[in-house]
Amino acid sequence: MGAFTCPPKPRTATLRTILDNKSKERLDSGLILWFPSPQSFTGEDCLELHVHGGVAVVSAVLTSLGKFPSTRQAEPGEFTKRSFLNGKLDITEVEGLADVIHSETEVQRKQAYRQMTGELSALYNNWRDIMIRSCAHVEAYIDFSEEENIEDDVISTVMTSIADLISQLESYLTDGRRGERLRDGVHVAVLGRPNVGKSSLMNYLTKRPVAIVSDVEGTTRDLIESTLDINGYPVVVVDTAGLRETGDKVEKEGVARAISRSELCDLLIIMVDISEDNSSDSILTLIGQQVHQLLDQHFQAERDLKDKSLLIVVNKVDKLDSPALQSLTCRTRGAEAISDSKNISDSSAKGRTTSPSSVQDVDSTESGILKVDVLGSPVPVVFTSLTHSIGLHHFLAELTQLLAALCADPTSECLSVTQARHRTHLDNCLDFLREAIESLDTDVVVAAENLRLASGEIGRITGRISTEDILDVIFKEFCIGK
Ligand code: GDP
Ligand code: ZN
């Protein structure tokens, strides 16, 4: 405060001349904002100087500030750390703030904002309070059960509330990791035989030529990865080497990488090209055959494809003849787009016609999207031509729906686990609660101890119980000045 000739009005921007601390030379004119304790971000007195952004101005002001006895540059995350230490934010709110700063898509931002503003804290603190209260009741029972003023039903009341907590935690934790996936990004692989148009799709998604498109089979050999925002969802998409048996050593390695990367992905886009097929089977049969062949050849279906979302993209529809498409148009949204397109009206492709009866195999849902059965589940099919820009809106719409199903919905009432760190403590907490409820009948001392340990796990999430190393990791994520 000694620096002010007269203190500015709190929390109001005021135009002032900034003088050098020693020489009193005028360094700049700028806005200052004065946040007296405790109504500041850190809870401490805080003065913001808004000066002109030139290198010399900033350096002169910093040099002058350096002449104060106790000034130094803030460390990364120091403001936020002080805010935590002064009880302004708890750890989940700090993590939420970091996530808000780092969020790259709209849906991610929404989830992070809820966490920053304390919605997760409120949920966790409520749970912790119930555990602490239950623990206190059990301890009172231990201490005073000989005396008559403790009610007999204390234990059964505690049991009911712990059982309720256990079921709340169980359902909270079985969320398919949607919140964590939204925070970290959905991993998507584009798979298919060589030359079906995988790299073209990758380039369409990234809006730039990240992958080489060529009619030479085996062009893409290594994984090509890109981070994208698809209608607000964060996606890490990877283009892969075409799946085929090959003698080429490098290509073989590419195929192996494609398969092992797919195992880590949440969503597989399976691309097929039926324009080269001359058989008289219906389009749907052809699609089904190609997809199954591909999967059978390269995956151990039960193990590798369990829990994965799939999307089938039938590309190069510009090469299909009109009758073949006509058979699909009446029932499917994707195909409608195709026949609407002038590009294929005079298609001179292979001349394969499909009888109108083939629509019978088409399992078209309410939305009009075609589905093919893969391993007992209906998988959506979209029709595209990447060279003729056909069906791409439908592809994106379908992809977005799948992404939405894989991610938490931050506009819903329900909250989601957002980080593996939280999940670990919640899992531990659940274990202690189960121990507690089992021992309530037999050994109340053990039950009380387990309740204390359970509440401690929640305390570790919110930072009520913290260790320096956890704090270091969390605050290091921030940049200087936050
Ligand atoms: P990848 O091997 O699966 O990655 O396939 P590419 O994206 O490299 O494409 C292989 C060839 O097919 C290239 O010559 C592309 O121009 C061509 N191609 C890609 N999509 C289409 C399409 O929708 N229609 C037609 N006619 N050709 C396409
Ligand atoms: Zn490719």
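Residues numbered from 1 in each chain as written. Chains lettered and ligands numbered in written order. Predicted model: local features only at pLDDT ≥ 70, side-chain atom pairs only at ≥ 80, totals over all residues. Heavy atoms only, no water.

(A) Spatial organisation of the packing of helix H5 (residues 119-144) against helix H6 (residues 154-173). Taken N-terminus to C-terminus, the directions of H5 and H6 make an angle of 155°; their axes are 10 Å apart at the nearest point. One element, H5, and the other, H6, form an angle in the roughly antiparallel class. Seen along the crossing, H5 lies across H6 with a hand that is left-handed. Of the residues in H6, those touching H5 at Leu-120, Leu-123, Tyr-124, Trp-127, Ile-130, Met-131, Ser-134, His-137, Val-138 and Tyr-141 are Val-154, Ile-155, Val-158, Ser-161, Ile-162, Leu-165, Gln-168, Leu-169 and Tyr-172. Partitioned by chemical class, the residues of the contact of H5 with H6 number 15 nonpolar, four polar and no charged. (Axes fitted to C-alpha atoms, helices over the stretch in contact; angles between N-to-C directions. Helix = DSSP H or I, 4+ residues; strand = E, 2+ residues; numbered from the N terminus. Parallel < 35°, antiparallel > 145°, perpendicular 65-115°, else oblique. Left-handed = near helix turned anticlockwise from the far one by under 90°. Contact = heavy atoms within 4.5 Å. Nonpolar A, V, L, I, M, F, W, Y, C, P; charged D, E, K, R; others polar.)

(B) Fine view of the nonpolar core. Of all hydrophobic cores here, the largest spans 34 residues; its most connected members are Ile-287 and Ile-312. Elements supplying a minimum of two residues to this core: strand S4 (186-192), helix H9 (249-264), strand S7 (267-273), helix H10 (283-298), strand S8 (309-315), strand S10 (370-374) and strand S11 (377-383). Examining the composition of this core, we find that seven residues originate from one element, H10, more than from any other. (Core = buried A, V, L, I, M, F, W, Y, C linked by side-chain atoms within 4.5 Å. Buried < 20%, exposed > 50% of the residue type's maximum accessible area, 1.4 Å probe, protein only.)

(C) Just the site of ligand 1, in detail. Not every one of the 18 residues close to ligand 1 is listed here, only the nearest: Asn-195, Lys-198, Ser-199, Ser-200 and Asp-318. Between an oxygen atom of ligand 1 and a main-chain N or O atom of Asn-195, the distance comes to 2.8 Å. In isolation ligand 1 exposes 580 Å². Once the protein is present, 85% of that is buried. Here the shell around ligand 1 gets three residues from one element, more than from any other, and that element is helix H8 (residues 198-206). Within the shell around ligand 1, the residues separate by chemical class into four nonpolar, eight polar and six charged. (Near = heavy atom within 4 Å. Polar contact = N/O pair within 3.5 Å; in protein donor to acceptor, adjacent residues only side chain to side chain. Areas by Shrake-Rupley, 256 points an atom, 1.4 Å probe, with all protein chains shown as cover.)

Read these as layout, nothing more, since geometry by itself doesn't imply function.
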